[in-house]
Amino acid sequence: MEDVIIIGTGCAGWTAAIYTSRANLKPLVLAGAQVGGQLTTTTEVENFPGFPEGIDGWQLMENMKGQAEKFGARVEYVTAEGVTKRADGIFEIKAGEATLEAKAVIVATGASARMLGLPGEDTLYGKGGLTTCATCDGAFYPDMPVCVVGGGDSACEEATFLTRFASKVYLIHRRDELRASKIMAERALANPKIEPVWDNEVTAYHPGENNKMRAVGLRNLKTGEESELEVRGVFVAIGHVPNSAFLGDLVDLDENGYILQNPGRTATKTAGLFVAGDVADHFYRQAITAAGQGCAAALEAERWLAEQE
Ligand code: NAP
């Protein structure tokens, strides 16, 4: 039986592993389907404090993993499929054929960006000009035309942010009205660099040289007209799906599936179950805030375990 099992290997999970291993809890980390989390899909991370020259997203996660292992964290390359809590207070985590037991659990399973599901997505994502994070990748498109897909607050926020770098930002939405809050929508539409493309869906990615984005294919949903739009970067902002479903009744979720934490804490309604990072946070969604929450969850788990003795 483990003292603590950490589910997830993004910034929140590895930071929780660093802190719990340094507290001598010998955490077991379950790597999950996307080892290293969302940052492994970006290129250069330029806003993580301590790396003034930037650092490759994958490398940053490798560094965190190495740091956690140095202090005694162990990793199993399995995906948690379900968690239950027994009457004696012990958590059981189902992962493939195995059932793992722990006194405390830290959930750091993140959220997966919703994608359009078009051909070429796998190869273009990250280095090819297809991304889901303007804060991470916007600076790579100086004076270039880019597009944002979506009509919610995220799309408006991403589009507005991208005007700092891009020559032009097309906001491609499948309807003629934004879903975003009035203030975010007005701000985006008032920006002279942002040009809305209403009633259109993206039908294809068209890579050019070196398999980098050259253009997207569009279809007008009202007229059926097909067209092509030249862009170097495509920022997909059609929402995120928090990876929370596998926890069942142990947690409460908000209307979008994000886990509800106790006010001001990483603890949840289930004693001994702590949550950190994007699976609970749709507001900040940054590597550094996820890492901070991972630290907080580790400290709370450590104190909670001490209280149980
Ligand atoms: P969202 O509100 O769910 O909006 C998703 C957008 O993507 C919608 O406009 C939707 O179109 C579009 N969409 C969904 N699936 C699509 C598809 N397959 N193809 C094309 N378009 C598609 O998601 P979000 O913008 O990420 O926001 C999530 C939550 O976070 C919201 O509660 C939001 O208010 C909040 N948020 C707040 C802030 C802020 O306050 N600073 C910033 C970001 C997000 P339809 O409109 O046609 O459905």
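About the criteria used
- Sequence order as written defines the numbering, with residues in each chain counted from 1.
- Local features are withheld for residues below a pLDDT of 70 in this predicted model, meaning they are given only at 70 or higher, and side-chain atom pairs are given and counted only at 80 or more; totals for whole chains, interfaces and linings count all residues.
- Based on all heavy atoms of the structure, the side-chain values leave hydrogens and waters out of the count.
- Throughout, the term near means that a residue has one or more heavy atoms lying within 4 Å of the molecule or strand in question.
- What qualifies as a polar contact is a pair of N or O atoms within 3.5 Å, subject to a donor-acceptor requirement within protein and to the restriction that residues adjacent in sequence count only when both atoms come from side chains.
- Computed with the Shrake-Rupley method and a 1.4 Å probe, the accessible areas treat only the protein chains shown as cover for residues.
- The classification used treats Ala, Val, Leu, Ile, Met, Phe, Trp, Tyr, Cys and Pro as nonpolar, Asp, Glu, Lys and Arg as charged, and all other residues, Gly among them, as polar.
- Numbering of helices and strands runs from the N terminus; a helix is a DSSP stretch of H or I covering at least four residues, while a strand is a stretch of E covering at least two.
- In a helix, the anticipated span is given by 1.5 Å times the number of residues less one.
- Exposed residues in this analysis have more than 50% of their type's maximum accessible area, buried residues have under 20%, and partly exposed residues fall in between, with area computed by a 1.4 Å probe over protein chains only.
- Directions are taken from the helix axis to each C-beta atom, and the arc is the one they span.
- Should any heavy atoms of two residues lie within 4.5 Å, those residues are counted as being in contact.
- For every domain, the bounds stem from an assignment made automatically or drawn from a database.
- Buried area: the accessible surface (1.4 Å probe) lost by two parts on joining, summed over both.
- A pairing counts as a salt bridge when a side-chain nitrogen of Lys or Arg comes within 4 Å of a carboxyl oxygen of Asp or Glu.

1. So, the site of the ligand
So, point 1. In the vicinity of the ligand, 16 residues are found, and the nearest of them are Asp153, Ser154, Arg174, Arg175 and Arg179.
So, point 2. One of the backbone nitrogen or oxygen atoms of glycine 152 is found 3.3 Å away from an oxygen atom of the ligand.
So, point 3. Here the ligand, which alone exposes 920 Å², has 72% of that area covered by the protein.
So, point 4. Residue classes in the shell around the ligand are distributed as four nonpolar, seven polar and five charged.

2. Observations concerning helix H2 (residues 57-70)
So, point 1. Taking 1.5 Å of rise per residue, 14 residues should cover 20 Å, and H2 covers 20 Å from first to last C-alpha, within 8% of that figure.
So, point 2. Among the residues of H2, those classed as buried are Gly57, Leu60, Met61, Met64, Lys65 and Ala68. What you see down the axis of H2 is that its buried residues fit within an arc of 135 degrees, all on one side.
So, point 3. Looking at the buried positions of H2, the neighbouring elements they touch are helix H1 (11-22), strand S3 (44-45), strand S4 (55-56) and strand S5 (74-76).
So, point 4. N-capping of H2 is provided by aspartate 56, with a side-chain oxygen placed 3.1 Å from the backbone N of tryptophan 58.

3. Describing the domain arrangement of the chain
So, point 1. According to the domain assignment, the chain contains domain 1 (2-112 + 240-308) and domain 2 (115-236).
So, point 2. Computed from C-alpha coordinates alone, the two centres of domain 1 and domain 2 are separated by 31 Å.
So, point 3. Each partner contributes residues to the interface: domain 1 has eight residues there, and domain 2 has nine residues.
So, point 4. Interface area for domain 1 against domain 2, summed over the two sides, is near 780 Å², with a carbon-plus-sulfur share of 50%.
So, point 5. One can count zero salt bridges joining domain 1 with domain 2.

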